[in-house]
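Secondary and tertiary structure notes
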Amino acid sequence: AQSVTQLDSHVSVSEGTPVLLRCNYSSSYSPSLFWYVQHPNKGLQLLLKYTSAATLVKGINGFEAEFKKSETSFHLTKPSAHMSDAAEYFCVVSDPGETRQLTFGSGTQLTVLP
Amino acid sequence: AAGVIQSPRHLIKEKRETATLKCYPIPRHDTVYWYQQGPGQDPQFLISFYEKMQSDKGSIPDRFSAQQFSDYHSELNMSSLELGDSALYFCASSPQGAWGANYGYTFGSGTRLTVV
């Protein structure tokens, strides 16, 4: 069985300061990991994905994440927050079997203060 | 680029009514997934289809059914609606195959169902 734990339900940062959203996973297999962002009343947008290639993954809008197998972590970072980054962020693990069902973390609400 | 299209965007139904949600995957994507996101909740997997066959089933109530058609679009049918069915329903698509999981999943913008 696989699971995802997002360690913070809410994160608040000031504009221009770094962002860190934490995610730990549990999987019996080599997982595929994703970060999705959801703006209010919007759909889910893929930020970045890890699929057993480079452990440091760069995504859209300046976000990146590092896969650390020894720590079973896949934290999302951004050097400088922008007001438009305020949204809900989901860490997601994919079942590597035939179904490829996604398991979502509970989400982290990012607030960016002016 | 074409995305996953869901219709309708919003739907209001009364208790015990039925609803049909539609999903049109990205061209050449043959796998469709349905997720339900309740208020303040993370998305929960309902059901998936590959090549018009059900491939996996999650926490989908017996009142719900779904199918995938020859053009790969999918419909989620919901009967005897309850207040607790009010949620955002997402559809996602991906290409199947060993690299399907590597590709990632493209989600539609969702259908917001309100049951009154």
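Everything below is about the structure printed above this text.
Quick summary incoming for the structure in this document.

Each value, and the rule that gives it
Residues numbered from 1 in each chain as written. Chains lettered and ligands numbered in written order. Predicted model: local features only at pLDDT ≥ 70, side-chain atom pairs only at ≥ 80, totals over all residues. Heavy atoms only, no water. Helix = DSSP H or I, 4+ residues; strand = E, 2+ residues; numbered from the N terminus. Rg over C-alpha atoms; globule rule 2.2 N^0.38 Å. Buried < 20%, exposed > 50% of the residue type's maximum accessible area, 1.4 Å probe, protein only. Contact = heavy atoms within 4.5 Å. Areas by Shrake-Rupley, 256 points an atom, 1.4 Å probe, with all protein chains shown as cover. Core = buried A, V, L, I, M, F, W, Y, C linked by side-chain atoms within 4.5 Å. Phe/Tyr/Trp six-rings, centres within 6.5 Å; stacked < 30°, edge-to-face > 60°. Pairing = 2+ DSSP bridges. Polar contact = N/O pair within 3.5 Å; in protein donor to acceptor, adjacent residues only side chain to side chain. Salt bridge = Lys/Arg side-chain N within 4 Å of Asp/Glu carboxyl O. Axes fitted to C-alpha atoms, helices over the stretch in contact; angles between N-to-C directions. Disulfide = S-S within 2.5 Å.

1. Focus: the overall build of chain A
Check the secondary structure of chain A and you find 0 helices and 12 strands. Taken over the C-alpha trace, chain A has a radius of gyration of 14 Å; the compact-globule value for 114 residues is 13 Å, and the two agree within 12%. For chain A, the spread of C-alpha atoms along the principal axes amounts to about 45 × 30 × 20 Å. Considering chain A as a whole, with its 114 residues, one finds that 44% of them fall into the buried category. Across chain A, contacts joining residues at least 24 apart in sequence account for 56% of those joining residues at least 6 apart. Counting every atom, chain A has about 5400 Å² of accessible surface; 51% of that belongs to carbon and sulfur.

2. Here we look at the nonpolar core
Residues and elements named next belong to chain A. Core analysis: the biggest nonpolar cluster contains 26 residues, and Trp-35, Leu-48, Phe-74, Leu-76 and Tyr-89 have the highest contact counts within it. Among the elements that line this core, the one with the most residues is strand S10 (residues 87–94), at 4 residues. Those residues in contact with Tyr-89 that sit more than four places away from it in its chain are Gln-6, Leu-21, Trp-35, Tyr-36, Val-37, Leu-47, Phe-63, Leu-76, Gly-107, Thr-108 and Leu-110.

3. A word on the packing of aromatic side chains
The geometry of an aromatic ring pair is captured by the separation of the ring centres together with the interplanar angle, meaning the angle of the planes. Residues and elements named next belong to chain A. Per the stated rule, a full pass over the model turns up 15 aromatic pairs over all chains. Aromatic pair Tyr-50 and Phe-74: ring centres 6.3 Å apart, planes at 50 degrees, arrangement tilted. With Tyr-50 in strand S6 (residues 44–50) and Phe-74 in strand S9 (residues 73–78), this residue pair connects regions lying 24 residues apart in the sequence.

4. A short note on the pairing of strand S6 (residues 53–57) of chain B
Taken residue by residue, a regular strand's side chains alternate between the two faces of the sheet. Residues and elements named next belong to chain B. Sheet analysis places strand S5 (residues 44–50) next to S6, joined by 4 bridges and oriented antiparallel. Residue Tyr-50 lies in a different strand from S6, and its bridge partner there is Met-53. Where S5 folds back onto S6 in an antiparallel hairpin, the turn is made up of 2 residues, including Glu-51, whose phi is positive at roughly 50 degrees.

5. Regarding the side chain of B:His29
Residue and element names in this part refer to chain B. Here His-29 lies in the loop between strand S3 (19–24) and strand S4 (31–37). With a relative accessible area of 6%, His-29 lands in the buried category. Separated by 3.4 Å, the side chain of His-29 and the backbone nitrogen of Ser-94 make a polar contact.

6. Comments concerning the pattern of salt bridges
As a working rule, side chains carrying opposite charge can pair if their charged atoms are close by. All names here are of chain B. Scanning all chains against the criterion turns up 7 salt bridges over all chains. The partner of Glu-51 in a salt bridge is Lys-52, with the nearest N and O atoms 3.3 Å apart. As a salt-bridge pair, Arg-63 and Asp-85 come within 2.9 Å of each other at their nearest N and O atoms. A residue pair is termed long-range when its members are at least 10 positions apart, and Arg-63 in the loop between S6 and strand S7 (64–68) and Asp-85 in the loop between strand S8 (74–78) and strand S9 (87–94) qualify at 22 residues. The exposure class assigned to Arg-63 is partly exposed, which follows from its relative accessible area of 22%. Each of Arg-63, Glu-82 and Asp-85 takes part in one network of salt bridges that share partners.

7. Digging into the sheet that holds S8(B)
Residues and elements named next belong to chain B. With antiparallel pairing, 4 strands are arranged side by side in an open sheet as S1-S3-S8-S7. Each edge of the sheet is formed by a strand with only one pairing partner; in this case those strands are strand S1 (5–7) and S7. In this sheet, neighbouring strand axes are inclined to one another by 15 degrees on average, regardless of whether the strands run parallel or antiparallel. As judged from the 5 bridges shared by S7 and S8, these two strands associate in the antiparallel manner. The residue bridging Ser-65 from the neighbouring strand is Asn-77, located in S8.

8. Digging into the environment of A:Tyr50
Judged by relative accessible area, A:Tyr50 falls into the buried class, the value being 7%. Ignoring sequence-local partners within four residues, the contact set of A:Tyr50 consists of A:Pro31, A:Ser32, A:Leu33, A:Thr55, A:Val57, A:Phe67 and A:Phe74.

9. What about the state of the cysteines?
Scanning the model with the defined rule gives 2 disulfides over all chains in all. Disulfide partner of A:Cys23: A:Cys91, at an S-S distance of 2.0 Å. Of note, the bridge from A:Cys23 to A:Cys91 carries an S-S torsion of about -65 degrees and is left-handed in sense. Linking A:Cys23 in strand S4 (residues 23–26) with A:Cys91 in strand S10, this pair joins segments that are 68 residues apart in sequence. Assigned by exposure class, A:Cys23 and A:Cys91 land together as buried. What pairs with B:Cys23 in a disulfide is B:Cys91, and their sulfur atoms sit 1.7 Å apart. Judged by the sign of its S-S torsion, about -55 degrees, the cystine formed by B:Cys23 and B:Cys91 is left-handed. Taken together, the positions of B:Cys23 in strand S3 and B:Cys91 in strand S9 put the pair 68 residues apart, joining distant regions of the chain.

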